[in-house]
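Geometric and topological summary
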Amino acid sequence: MAVQLDPQLLEILRCPSPDHAPLRPGTPDDADADMLTCTECGRGYPVQDGIPVLLLDEAVPPAGGQVG
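Just so we're clear, the structure is a prediction, and the values are computed from it rather than from any experiment.

The rules behind these values
- Residues numbered from 1 in each chain as written.
- Predicted model: local features only at pLDDT ≥ 70, side-chain atom pairs only at ≥ 80, totals over all residues.
- Heavy atoms only, no water.
- Buried < 20%, exposed > 50% of the residue type's maximum accessible area, 1.4 Å probe, protein only.
- Helix = DSSP H or I, 4+ residues; strand = E, 2+ residues; numbered from the N terminus.
- Pairing = 2+ DSSP bridges.
- Contact = heavy atoms within 4.5 Å.
- Core = buried A, V, L, I, M, F, W, Y, C linked by side-chain atoms within 4.5 Å.

Another point: the pairing of strand β2 (residues 35-38). Burial along β2 is two-sided: Met35 and Thr37 facing one way and Leu36 and Cys38 facing the other are all buried. Sheet topology note: the strand β1 (residues 23-25)/β2 ladder contains 3 bridges and is antiparallel. Pairing of arginine 24 across the sheet is with threonine 37, part of β2. Across 3 bridges, the pairing between β2 and strand β3 (residues 44-48) is antiparallel. Within β3, the residue paired with threonine 37 across the bridge is glycine 44. Counted along the chain from β2 to the antiparallel partner β3, the turn is 5 residues long, and its residue glycine 42 has a positive phi close to 85°.

So, on to the sheet that holds β3. Spatially, β1-β2-β3-β4 is the arrangement adopted by the 4 strands of the open sheet, whose pairing is antiparallel. Strands with a single pairing partner mark the edges of an open sheet, and in this sheet they are β1 and β4 (51-52). Alignment of β3 against β4, held across 2 bridges, turns out to be antiparallel. Looking across to β4, one finds that glutamine 48 is bridged to isoleucine 51.

Here the focus is the side chain of threonine 37. The residue threonine 37 is located in strand β2 in this model. Residue classification places threonine 37 among the buried residues on the basis of a relative accessible area of 3%. Not counting the four nearest positions on each side in its chain, threonine 37 is found in contact with Pro22, Leu23, Arg24, Gly26, Thr27, Pro28, Gly42, Arg43 and Gly44.

One finds Val3, Leu5, Leu13, Cys15, Ala21, Leu23, Leu36, Cys38, Cys41, Tyr45, Val47 and Ala59 forming the largest nonpolar core, which totals 12 residues. Elements supplying a minimum of two residues to this core: β2 and β3. Setting aside chain neighbours within four positions, we find leucine 13 in contact with Leu5, Pro22, Leu23, Leu36, Pro52 and Leu54.

Shown next, in the form of structure tokens:
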């Protein structure tokens with residue numbers, strides 16, 4: 001199921017890493033994944049019950065394993 005967040009909220013959410021890049025719904029491989037993906041570092045943040053979990057400790061590393 002695709003992430004369904006208010007567009008205004010999605011516009012202001014940023015990655016909690018030091019570069020604070022914007023987030024996009026889904027993952028590069030699955031646009032319907034319940035994740036938000038950083039446009040800069042590639043970390044994925046789960047969305048649980050419609051609430052983004054924007055904690056670096058909960059982030060999923062990018063597919064290549066390289067962060068940043």
